Number of protein chains: 2
Amino acid sequence: MDRRQRKTREAIFSAFRELLQHRRYENITVQDIIDKADVGRSTFYSHFETKDALLYAICSDIFDHIFKGDMCNYPGQTHSLEEKLAHILWHLRDHKKDITGLLSCESADLFMGYIRGYLRELFTLHLKDFNKDVPDDFLLNHLISSFCAVIKWCSDKKMEFSPEETARNFMILVS
Amino acid sequence: MDRRQRKTREAIFSAFRELLQHRRYENITVQDIIDKADVGRSTFYSHFETKDALLYAICSDIFDHIFKGDMCNYPGQTHSLEEKLAHILWHLRDHKKDITGLLSCESADLFMGYIRGYLRELFTLHLKDFNKDVPDDFLLNHLISSFCAVIKWCSDKKMEFSPEETARNFMILVS
DNA sequence: ATATTATTGAACAAGATGTTCGATAATATA
DNA sequence: TATATTATCGAACATCTTGTTCAATAATAT
């Protein structure tokens, strides 16, 4: 990949990420992005078909950055579910700046979609731990949605919480 | 109120509600609304300051229509929490057409906000029923979010469910 | 019958997204 | 180093959307 391309893409990404820290997606214009990234309008559109395409790219990028390669989901389950959940909350807190913008309004559904997919895998592995007389898909949806609500709650509270304690409280509520 | 005003307002409301059944809010333009309602552009803006103002008005309208005056929240609690929740699900199912559009994307947060407020009151009344060793606000948030997730789940499943069974399953999961 | 008020339609401004294209600069290759 | 390729630039453009304005007209209340 051409150095110019790399630099431009990086400039757009980082401009967009910075803007997302202080404003929500729907209030950020392409003009804002190219001003901050200091690239031409046509250059922007040669990299991303639409403004939404950039949002998709950055969501996927940040999600991968936070969740890929961590120890939560690997085959030899040496960690308990509670430990895994605390681990996720640690990760999210570390990336506080990147995610607060993405967890608001229009972009929230998209980014939460990634997280839900991840949680679906995780809770599916542990579904047998729960002894509840309800259909499996109902239980699974409950676990995923509840933990997403916890994430949202943490985000709203500026991530000022103890991941371990929060994970423990969550486990108390769903067990 | 002038009959013309009433008619116009009603035409806009019903046009908007119909449009919301097949499209989500952010894809509906003012042009679409006034075409369907068959009113002039300036008339529209003499009734509603902005397009968002119409959304607010209709959310509040539909919410009131569904939730006000029902027996869920009145002082003499002769019904159990489970019965009240089933009751809510009945109501929502009856108004399926009106709410599916409101529960998508941009408008979802707004409409869910109304529902959350209602649920907050309801669950607060019953908070002592739950014996969980977690902070009250954490528990309350969990209950509200979980039941909202149930509502969303029902809506995604086209409201093809049994309110009683769903409420029972919910109570099993949070008890 | 008259005064008031609502509606209309058309034109307008502002702001956003996305496109096009010739000129220019940076990069890779020979 | 010379040359061909490729990315960027910038400015203009089309299109769509929201929201405003205003004089003419129609419906309503008194």
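Residues numbered from 1 in each chain as written. Chains lettered and ligands numbered in written order. Predicted model: local features only at pLDDT ≥ 70, side-chain atom pairs only at ≥ 80, totals over all residues. Heavy atoms only, no water.

Draft legend 1. Summary view of the protein's contact with DNA strand C. DNA strand C sits among 20 residues. The nearest are R3(A), T8(B), G40(B), S42(B) and T43(B). Measuring from a phosphate oxygen of DNA strand C, one finds a side-chain N or O atom of Q5(B) at 3.3 Å. Measuring from a phosphate oxygen of DNA strand C, one finds a side-chain N or O atom of T8(B) at 2.3 Å. Taken together, the elements giving at least two residues each to the surface near DNA strand C come down to α1 (3-22) and α3 (41-47) of chain A together with α1 (3-22) and α3 (41-47) of chain B. (Near = heavy atom within 4 Å. Polar contact = N/O pair within 3.5 Å; in protein donor to acceptor, adjacent residues only side chain to side chain. Helix = DSSP H or I, 4+ residues; strand = E, 2+ residues; numbered from the N terminus.)

Draft legend 2. The arrangement of the domain arrangement of chain A in detail. Residue and element names in this part refer to chain A. Parsing chain A into structural domains produces domain 1 (1-48) and domain 2 (58-174). Each of domain 1 and domain 2 has a C-alpha centre, and the two are 29 Å apart. At the junction of the two partners, domain 1 supplies 8 residues and domain 2 supplies 12 residues. For the pairing of domain 1 and domain 2, the buried interface totals around 1000 Å² over both sides, and the portion due to carbon and sulfur atoms is 59%. Counting the surface domain 1 buries against domain 2, the share from its top three residues, R17, L20 and Q21, is 50%. Counting across the interface, domain 1 meets domain 2 through 2 salt bridges. Among the ionic pairs, D98 bridges to R17, the shortest N-O distance being 2.9 Å. Where domain 1 touches domain 2, the interface holds 2 residue pairs in polar contact (both at pLDDT 80 or more). Of the residues assigned to the side of domain 1 that touches domain 2, the class counts are 4 nonpolar, 1 polar and 3 charged. (Domains from an automatic or database assignment. Contact = heavy atoms within 4.5 Å. Buried area = accessible area lost by both parts, 1.4 Å probe. Salt bridge = Lys/Arg side-chain N within 4 Å of Asp/Glu carboxyl O. Nonpolar A, V, L, I, M, F, W, Y, C, P; charged D, E, K, R; others polar.)

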